[in-house]
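# Analysis of the macromolecular model
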Amino acid sequence: MSELYKIANKILQNGKGILAADESTGTMKKRLDSVNVESNEKNRLIFRETLFSSNSMKECIGGVILYDETIRQNTSQNKSIPELISQSGAVPGIKVDTGAKILAGSKEEKITEGLDGLRERLKDYYQLGARFTKWIVEPEVLMDGKHSAKDCFNKTSEVIKRCYDELDINKVDLKGTILKPNMILPGTDSNETISNNEVAEMTLESLKNNVPSEVPGVAFLSGGQTEVEATNNLNQINIKNDSSFIMTYSYGRALQQSALKFWSKDVNNIKGTQEVFDHRAKMCTLAAQGKWSESLENSK
Ligand code: 13P
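All of the points below concern the structure found in this document. (Residues numbered from 1 in each chain as written. Predicted model: local features only at pLDDT ≥ 70, side-chain atom pairs only at ≥ 80, totals over all residues. Heavy atoms only, no water.)

## A few points about the site of the ligand
Contacts to the ligand come from A20, D22, K134, E138, K180, L221, S222, G223, S250, Y251, G252 and R253. Contact distances for the ligand include 3.0 Å between an oxygen atom and a side-chain N or O atom of K180. Separating an oxygen atom of the ligand from a backbone N or O atom of G223 is a distance of 2.7 Å. Coverage of the ligand by the protein chains reaches 89% of its 300 Å² of free accessible surface. (Near = heavy atom within 4 Å. Polar contact = N/O pair within 3.5 Å; in protein donor to acceptor, adjacent residues only side chain to side chain. Areas by Shrake-Rupley, 256 points an atom, 1.4 Å probe, with all protein chains shown as cover.)

Right under this line is the structure:
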């Protein structure tokens, strides 16, 4: 089996998911500003090191997506961050795009940069310890807007289909990939509400119709859902999952929000912050097996 197939399967096994900690410095500043913590290199490291050394890393987290700054940092115990992650059994990964820029000649369309020089950067990241990348297989229809769930279903389906058409043209070996899509949800300004059951049904239908069967698994982004919403929806998806795909999480905000809030009140309370994170990771891993329930959520 190729190395990449093994890595993709290792990340997805036993209800494990991905901790998306690849916020760019700009995004991380927004997250830290929101809890009144200064965004500097040291604080970004302390928070992330706290998460990466928590107990749940071993049983819940299969992979961690890092940002360029973090993959080069050392922990307080003088280990490299990828080393810390690997020791927990999770696979360190890296976000490899270099950000979205306004497309020339367009008022609103953006293009993601970072393909030039990627080959060399990949070698560098491999030496630093990264064993997977995030970029290409991440089509996202945002929750922002007035669109209905049906609109989201249609657009997501179209984008996923186009994405796999392009991957096919470029002869990408899908067995070594994981799809990171959004769930099917109505826009936040749409006034529409749909049940977790409907989210699960529409999401499954869109994926079953458009994702080739060679893909081993799907790891959803949380996209601005609350932690409990993202967990509940993933749980429903797994209860109903009649596809060949493993369905798990690759959450940023829905794994980190409560931990960040807790930590911001006392940045020295590492243990307390880890307990908050551990609970979240555990809930997500239960949801990735269809075993989550509201009573478990509240049994902290
Ligand atoms: P959210 O789960 O916060 O949407 O972030 C996921 C992501 O795409 C970062 O890699």
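And the narrative resumes.
## Notes on the sheet that holds strand β7 (residues 178–179)
Judged by pairing direction, the sheet is parallel, and its seven strands sit side by side in the order β6-β3-β2-β1-β9-β8-β7 without closing on themselves. Two strands bound the open sheet, and with one partner strand each, they are β6 (132–134) and β7. Its contacts with the sheet put helix α9 (residues 196–210) on β7, β8 (217–220) and β9 (246–251), and the angle it makes with β8 is roughly 135°. (Pairing = 2+ DSSP bridges. Helix = DSSP H or I, 4+ residues; strand = E, 2+ residues; numbered from the N terminus. Contact = heavy atoms within 4.5 Å. Axes fitted to C-alpha atoms, helices over the stretch in contact; angles between N-to-C directions.)

## Here's the deal with the packing of aromatic side chains
Scanning the model with the defined rule gives two aromatic pairs in all. Seen in terms of ring centroids, F47 and W263 are 5.1 Å apart; in terms of plane orientation they differ by 45°. Their pairing is tilted. On the criterion of sequence distance, the pair formed by F47 in helix α3 (residues 41–52) and W263 in helix α11 (residues 253–265) is long-range, its members being 216 residues apart. Like F47, the residue W263 is buried in the burial classification. Aromatic pair Y249 and Y251: ring centres 5.6 Å apart, planes at 40°, arrangement tilted. Residue class for Y249 comes out buried when judged on its relative accessible area of 0%. Looking at R131, its charged tip hangs above the ring of Y126, at a distance of 3.6 Å from the centre. (Phe/Tyr/Trp six-rings, centres within 6.5 Å; stacked < 30°, edge-to-face > 60°. Buried < 20%, exposed > 50% of the residue type's maximum accessible area, 1.4 Å probe, protein only. Lys NZ or Arg CZ within 6 Å of the ring centre and 35° of its normal.)

## Considerations on the pattern of salt bridges
By the definition in use, this model includes 15 salt bridges. Here E201 makes a salt bridge to K240, at a shortest N to O gap of 3.5 Å. Of this pair, E201 sits in helix α9 while K240 sits in helix α10 (residues 227–240), placing them 39 residues apart in sequence. Under the relative-accessibility criterion, K240 is labelled partly exposed at 29%. In this structure, D242 engages K208 in a salt bridge whose closest nitrogen and oxygen atoms are separated by 2.8 Å. Highlighted residues: D242 in the loop between α10 and β9 and K208 in helix α9, separated in sequence by 34 residues. By relative accessible area, which is 39% here, K208 ends up partly exposed. Look at the salt bridges and you will find they share partners, linking D22, K95, K134 and E138 into a network. (Salt bridge = Lys/Arg side-chain N within 4 Å of Asp/Glu carboxyl O.)

## Topic: the nonpolar core
If you look at the biggest cluster of nonpolar residues, it comprises 63 residues, and the most contacted ones within it are F52, I61 and Y251. Beyond its immediate chain neighbours, meaning those up to four positions away, F52 contacts L19, A21, M57, V64, L66, T70, I81, L84 and I85. In terms of nonpolar packing, the next biggest core, distinct from the first, is built from eleven residues, I11, A20, V91 and F132 among them. (Core = buried A, V, L, I, M, F, W, Y, C linked by side-chain atoms within 4.5 Å.)

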